[in-house]
Amino acid sequence: MATSRYSFPRQLSVICSAPHAESAGDRAAATRDETVTHHLGEITLLAAHGLGAVLETPPPSPTSGPGATSPGGRRAVTTLLDVRARHRGPTPLMVHATVRPDLSRERREGAPEDERSWRARLLAQVYAGADIVSGRAVTTVAAAVAVALASRAAEADCVIWLALGPDGHLADGEPPHEAVRSIDLATRGSVIGYGLELAAGSPPPVWDAGPRWSAAWLDRIGGVRFIARPGSGSAEELADALVRVAVEFPCVDTFGSADDSSPDDVVALVERLTD
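Just so it is clear, the model here is predicted, and its values are computed rather than measured.

1. Remarks on the overall build of the protein
Then comes step 1: Counting secondary structure elements, the protein contains seven helices and eight strands.
Then comes step 2: Out of the 275 residues in the protein, the part that is buried amounts to 51%.
Then comes step 3: For the protein, restricting intrachain contacts to residue pairs at least 6 apart in sequence, the fraction spanning at least 24 positions comes to 78%.
Then comes step 4: Accessible surface, the protein: about 12500 Å² in total, of which carbon and sulfur atoms supply 54%.

2. Remarks on the layout of surface pockets
Over the atoms a probe the size of a water molecule is rolled, and this reveals where empty space is left.
Then comes step 1: Quantified by volume, the second largest pocket comes out at close to 450 Å³.
Then comes step 2: Lining the second largest pocket are 24 residues; nearest its centre among them are His96, Val159, Gly222, Asp253 and Thr254.
Then comes step 3: Mapped onto the lining of the second largest pocket, the elements with two or more residues apiece are strand 1 (13-15), strand 2 (52-56), strand 3 (93-99), strand 5 (158-163), strand 6 (191-198) and strand 7 (221-226).
Then comes step 4: No other element matches strand 6, which puts four residues into the lining of the second largest pocket.

3. Considering the packing of helix 6 (residues 235-246) against helix 7 (residues 263-274)
Then comes step 1: Two elements in contact, helix 6 and helix 7, have axes whose closest approach is 8 Å; the angle formed by their N-to-C orientations is 50 degrees. Classified by the angle between their axes, helix 6 and helix 7 sit oblique to one another. Relative to helix 7, helix 6 is oriented so that their crossing is right-handed. Contacts between helix 6 and helix 7 involve Ala235, Glu236, Leu238, Ala239, Asp240, Leu242 and Val243 on the former and, on the latter, Asp264, Asp265, Ala268, Leu269, Arg272 and Leu273.
Then comes step 2: Residues belonging to the contact of helix 6 with helix 7 are distributed by class as follows: eight nonpolar, no polar and five charged.

4. Considering unusual backbone geometry
Then comes step 1: Despite not being glycine, Glu155 has its phi angle at roughly 60 degrees, a positive value.
Then comes step 2: Mapped onto the elements, Glu155 comes out in the loop between helix 4 (141-153) and strand 5.
Then comes step 3: Phi at Arg188 takes a positive value of approximately 55 degrees, unusual for a residue other than glycine.
Then comes step 4: Position of Arg188 relative to the elements: it lies in the loop between helix 5 (176-187) and strand 6.

5. Some points on the pattern of salt bridges
Then comes step 1: Under the counting rule described, the total for this entry stands at 12 salt bridges.
Then comes step 2: With a closest N to O distance of 2.3 Å, Asp259 and Arg100 form a salt bridge. Linking Asp259 in the loop between strand 8 (254-255) and helix 7 with Arg100 in the loop between strand 3 and helix 3 (111-128), this pair joins segments that are 159 residues apart in sequence.
Then comes step 3: Across the salt bridge formed by Arg220 and Asp184, the nearest N and O atoms sit 2.9 Å from each other. Of this pair, Arg220 sits in the loop between strand 6 and strand 7 while Asp184 sits in helix 5, and the two are 36 residues apart along the sequence.
Then comes step 4: A relative accessible area of 22% places Arg220 in the partly exposed class.
Then comes step 5: Through salt bridges that share partners, Glu56, Arg100, Arg136, Glu197, Arg225 and Asp259 make up one connected network.

6. Details of the environment of Ser13
Then comes step 1: Summarising the element assignment, Ser13 is placed in strand 1.
Then comes step 2: Relative accessible area serves as the criterion here: at 11%, Ser13 is assigned to the buried category.
Then comes step 3: Each C-alpha atom of the pair Ser13 and Asp253 lies 6.1 Å from the other, and the pair is 240 residues apart in sequence.
Then comes step 4: Setting aside anything within four residues of it in sequence, one finds Ser13 in contact with Gly52, Ala53, Val54, Asp253, Thr254 and Phe255.

What counts and what doesn't
Within any chain, residue numbers begin from 1 and follow the written order of that chain's sequence. Given that this is a predicted model, residues contribute local features only at a pLDDT of at least 70 and side-chain atom pairs are listed and counted only at 80 or more, while totals for whole chains, interfaces and linings are drawn from all residues. Here the side-chain values reflect all heavy atoms present in the structure, with hydrogen atoms and water set aside. Helix and strand definitions follow DSSP, with helices as H or I runs of at least four residues and strands as E runs of at least two, each counted in order from the N terminus. Only protein chains enter the accessibility calculation, which uses a 1.4 Å probe. A residue is then buried if its area is under 20% of the maximum for its type, exposed if over 50%, and partly exposed in between. Whether two residues are in contact is decided by their heavy atoms, any of which lying within 4.5 Å being enough. Accessible areas in this description were obtained via Shrake-Rupley with a 1.4 Å probe; residue shielding takes into account the shown protein chains only. Here a cavity means grid points, on a 1 Å grid over the protein atoms only, where a 1.4 Å probe fits yet cannot get out; a pocket means an open set of points with protein on both sides within 12 Å along at least five of seven lines; lining residues are those with an atom within 4 Å of a point. Grid points are joined across faces, edges and corners, and a volume is the space filled by probe spheres set on the points. What counts as an axis is a line fitted to C-alpha atoms, over the stretch in contact for a helix, and the angles between N-to-C directions run from 0 to 180 degrees. When describing relative orientation, an angle under 35 degrees is termed roughly parallel and one over 145 degrees roughly antiparallel, while 65 to 115 degrees is termed roughly perpendicular and anything else oblique. Crossings are classed by handedness, with left-handed meaning an anticlockwise turn of the near helix from the far one by less than a right angle and right-handed meaning a clockwise turn. Any residue outside Ala, Val, Leu, Ile, Met, Phe, Trp, Tyr, Cys, Pro, Asp, Glu, Lys and Arg is labelled polar, Gly included; the first ten of those are nonpolar and the last four are charged. When a carboxyl oxygen of Asp or Glu is within 4 Å of a side-chain nitrogen of Lys or Arg, the pair counts as a salt bridge.

Following this line, the structure appears as structure tokens:
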């Protein structure tokens, strides 16, 4: 198990960076072989430092459909399962099926169609063998509840990544401690854990649990990452910022950069978590 000067209490894991196509042209996504090679390289690095790895299915494009052949559907999961099968070693390696309930923030009129799409995506990935559902970039309590209920219907565990604005609140105005409480009550505790997605370029959020609820919600936060990579700042600065937030939560064990993260981000996190 990795050790760190920050004394995190559990096995630490890093979310692997997103693979990108190596060849030029119009192809936006990496091929299966490129994806496998990319992830195996990062997993080898993580394993050498006693860190676990999290592999996420790529986020859907605005034009991708919910079918099993979409980039984030069945094929994406089977590719990540192939990565795990090829890795030789005891490294903890989890495959997360990502869904985004707030995919079309600028198309509120299309909300029903969007929900059908991500629910179909969720089912395709769960049935393909993903270990867990990861609700990404969740901006409202209602969206989080929808993901949790859909995951329960698919008989899958889920984690919810709460996307916080610069004020430390969700888009619906809820601070994270109240959001966690509301989601847990609405879903009868079916969410196994939460992560915080921080606004890029913003200082660490400041929140106040207040007298109405104890600090128990802090134990429900298990991950930190950025919503999107900041436009400026090095991978080292990004890793430092994440760790500064993480030390406020006793149960954080998962660290990631952003959807457009790079191998440099993973290396920087490894250095911060194992020195």
